[in-house]
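# Topology and contacts: notes
Residue-level listing of the chains:
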Amino acid sequence: MKKKILVVDDEPSISMLIEFNLKLAGYEVRCVGDGEAVFDMLKPFRPDLIVLDLMLPKMDGLQVCRELRKLNNAVPIVMLTALQDVTDKIAGLDNGADDYMTKPFSPQELISRIQAIFRRLQSLPGQTETTGFDIGRLTVRPEQREVMVDGKDIELTPKEFELLVFLCKHKGKVLSRQQLLHGVWDYHFLGDTRIVDVHISHLRDKIEKNARMPEYIMTVRNVGYKLLGPSVDASSYA
């Protein structure tokens, strides 16, 4: 059965380009031109993934993401925008988007990103090899999607959660930004490593007592990051 993709963009030329290439790649595609129309298509079309422009009439892409997640709708979202600032990318990811592409973009790259998301979803059931991680004050339960510090629930965005689980699975190992992009976002090409840095910063704000003096997520200068237990001497890390 073909995967169904809903394309949401108010520029007909872009919608047609995306639709043409996605159909060539074997997907079933529907297109709408505003944010509110997404919710009209959820039941009749039941998309497996949404390609969502940020700047839309009636309801913008961030609002659409937030509303879908409030409804506990976990449909994967690839957000498109003409905005170049990394903070706009982070805003999209933090509001529930699974990936983010800046216009102009290659249709083939978009297809590669979509395929990466579907691969990641297919691998999820077998990913968890443990019931959880208990590291000092930090408790992570992947199957329940729970994170606690000192027994108190911590709310993470989907990508923050995936990043923390990936770090826990590789506790004690230095991971480069490219390894994190590959492992969490499934980027096999040179992605924007600032996305990793911002997500690490957000994670520290939520799980560390003092984000400027982290106990868990250490920066390894000129390399990447490393998750340690709080008993480890962090004096050699920046």
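Notes on the structure follow.

Attention now goes to the pattern of salt bridges. Per the counting criterion, the structure on display carries 16 salt bridges. When the shortest N-O distance is used, the salt bridge between Glu 215 and Arg 137 registers 2.8 Å. Taken together, the residues span a long stretch of sequence, with Glu 215 in the loop between α8 (194-207) and β11 (217-220) and Arg 137 in the loop between β6 (133-135) and β7 (138-141) at a distance of 78 residues. Assessed through its relative accessible area of 22%, Glu 215 is described here as partly exposed. Note that Lys 206 is salt-bridged to Glu 160, the shortest N-O span being 2.7 Å. Placement of the pair is Lys 206 in helix α8 and Glu 160 in helix α6 (residues 158-169), with a sequence separation of 46 residues. In this structure Lys 206 comes out as partly exposed when scored by relative accessible area, which is 31%. Each of the salt bridges in this network shares a partner with another, and the network as a whole consists of Asp 9, Glu 11, Asp 53 and Lys 103.

Turning next to the sheet that holds strand β1 (residues 4-8). Judged by pairing direction, the sheet is parallel, and its five strands sit side by side in the order β2-β1-β3-β4-β5 without closing on themselves. Looking at which strands have only one partner, the edges of the open sheet turn out to be β2 (28-32) and β5 (99-102). Put simply, the sheet's adjacent strands are angled 20 degrees from each other on average, direction ignored. Summarising the sheet, β1 and β2 pair through five bridges and their orientation is parallel. Note on β2: the bridge partner recorded for Val 8 is Val 32. The strands touched by helix α3 (residues 61-70) within the sheet are β3 (49-53) and β4 (77-81), with β4 carrying the most contacts at an inclination of about 165 degrees.

The rules we used
Residues numbered from 1 in each chain as written. Predicted model: local features only at pLDDT ≥ 70, side-chain atom pairs only at ≥ 80, totals over all residues. Heavy atoms only, no water. Salt bridge = Lys/Arg side-chain N within 4 Å of Asp/Glu carboxyl O. Helix = DSSP H or I, 4+ residues; strand = E, 2+ residues; numbered from the N terminus. Buried < 20%, exposed > 50% of the residue type's maximum accessible area, 1.4 Å probe, protein only. Pairing = 2+ DSSP bridges. Axes fitted to C-alpha atoms, helices over the stretch in contact; angles between N-to-C directions. Contact = heavy atoms within 4.5 Å.

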